[in-house]
Structure formats: structure tokens, C-alpha cells
Amino acid sequence: MNDRASAPGGLALVEALVNTLDIETGADTLDTPEGRARFDLTETDVPAARELREALRAACLAHAGHGVSTVLDTLLSEAPLRVAIAADGSAGLRLLGPPTLLSRIAEAIAAAAADSTWTRLKACEAQDCQWAYYDRSPAGRSRWCSMSVCGARAKMRAYRARRAASG
């Protein structure tokens, strides 16, 4: 959808999951064997992955200033992780059981929250897009996944509305 570089570190996994659905066309790569393989999912895992994806999208929209969602918090509370303290006093997350998409997402969010990059993962504010992207702008105020596509469309709509109102 856009020409931006992928999000850093584990946020690339979060970004990739959110972007499995093209809102404009309705195409969902989780419907394909290749799309599921990318996340180590079986067909029976897909409904939970879709629920997680939409909770992540809501969080990315919230990062862009569009609403608040608590669904992700509820989902992440089920992740099989715990904080573990090593002999040297360092802390980290420890996986309890085999890795799942939920646990990998939870680990990525925890790491991104710790290094202050989590809130830079946003969703495009265009209603027909909502593609996840990592905001690398200095002020962290990007609004669209692509200035040349979604941003240009929004600015053209605003221009037309101003023109119609004036005349």
C-alpha cells in the first residue's frame, strides 16, 4: 500500500499482521495458505488472528489520535508470558509454552513500549485504507501511510469542499 520502510524490530510483525487485510478491496491474505504460513497459522487459528489484527489496528488508530480501544489489552492478558529476572538482575520476558502469534505480538509490543517506539506504529487515517505504518517523522505526526496517495486524496477532498463552500 505504501512505500515506507517496515517498522523496526518486532513491530514489523505487528505491522505485517495488521496489513494482511486490504480494507479497500477486502482482500485478506490470511485466507491463503501462504498468508497463514507467514505467521505460522493453521486455518483454525485464523479467527483469533483476525480478532488480534483488528485490535492491533484499533491501537494503531489510537496512536494516530483516532479513538481508544481496550480490546488489545484484554487479548494480550492471555499471552503466555511472564517477566523473568536473570541472575545478573536483568529483566526480560519468558515464554511459557510454545510460541504463538499472540505471544510473539505481546513480546514485540513490550519491547517497543520499553524503547518508546510502540506509539509510532500508526494506522492511516484514510477510512478506505487504515494501513499500518511506522511514523519516522521527527515530530511523530504523520497522518497517512502515503502522502502521495492517501494524503493527496485527503488534501484534494478538503480543497474541493472549500471550493464548494465558497461558491
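Whatever comes next refers back to the structure up there.
Residues numbered from 1 in each chain as written. Predicted model: local features only at pLDDT ≥ 70, side-chain atom pairs only at ≥ 80, totals over all residues. Heavy atoms only, no water.

1. Examining the pairing of strand 2 (residues 91–95)
Thinking step 1. In the sheet, strand 1 (residues 81–85) pairs with strand 2 via 5 bridges, with the strands oriented antiparallel. In the sheet register, A84 faces strand 2, and the bridge partner there is G92.
Thinking step 2. Connecting strand 1 to the antiparallel partner strand 2 that follows it, the hairpin turn spans 5 residues, and G89 within it adopts a positive phi of roughly 90 degrees. (Pairing = 2+ DSSP bridges. Helix = DSSP H or I, 4+ residues; strand = E, 2+ residues; numbered from the N terminus.)

2. A word on the packing of helix 1 (residues 11–18) against helix 3 (residues 46–63)
Thinking step 1. Axis separation between helix 1 and helix 3 bottoms out at 9 Å; the angle between their running directions is 105 degrees. In this view, helix 1 runs roughly perpendicular relative to helix 3, as classed from their interaxial angle. On the side of helix 1, the interface is formed by V14, L17 and V18, while helix 3 contributes A49, L52, R53, L56 and R57.
Thinking step 2. Counted by class, the contact of helix 1 with helix 3 contains 6 nonpolar, no polar and 2 charged residues. (Axes fitted to C-alpha atoms, helices over the stretch in contact; angles between N-to-C directions. Parallel < 35°, antiparallel > 145°, perpendicular 65-115°, else oblique. Contact = heavy atoms within 4.5 Å. Nonpolar A, V, L, I, M, F, W, Y, C, P; charged D, E, K, R; others polar.)

3. Points about the pattern of salt bridges
Thinking step 1. Tallied over the full model, the rule gives 8 salt bridges.
Thinking step 2. Across the pair R57 and E54 runs a salt bridge whose closest N-O atoms are separated by 2.9 Å. Linking R57 with E54, this pair stays in helix 3, spanning 3 residues, or about one helical turn.
Thinking step 3. According to the relative accessible area criterion, R57 is buried, its value standing at 2%. (Salt bridge = Lys/Arg side-chain N within 4 Å of Asp/Glu carboxyl O. Buried < 20%, exposed > 50% of the residue type's maximum accessible area, 1.4 Å probe, protein only.)

4. Quick notes on helix 5 (residues 101–114)
Every α-helix winds through 3.6 residues per turn, so residues three or four apart in the chain are directed the same way.
Thinking step 1. In a regular helix each residue adds 1.5 Å, so 14 residues correspond to 20 Å; helix 5 covers 20 Å between its end C-alpha atoms and thus fits that length.
Thinking step 2. In the core, the buried residues of helix 5 are packed alongside helix 1, helix 3, helix 4 (71–76), strand 1 and strand 2.
Thinking step 3. Downstream of helix 5 by one or two residues, S116 has phi in the positive range, about 65 degrees. (Expected span 1.5 Å × (residues − 1).)

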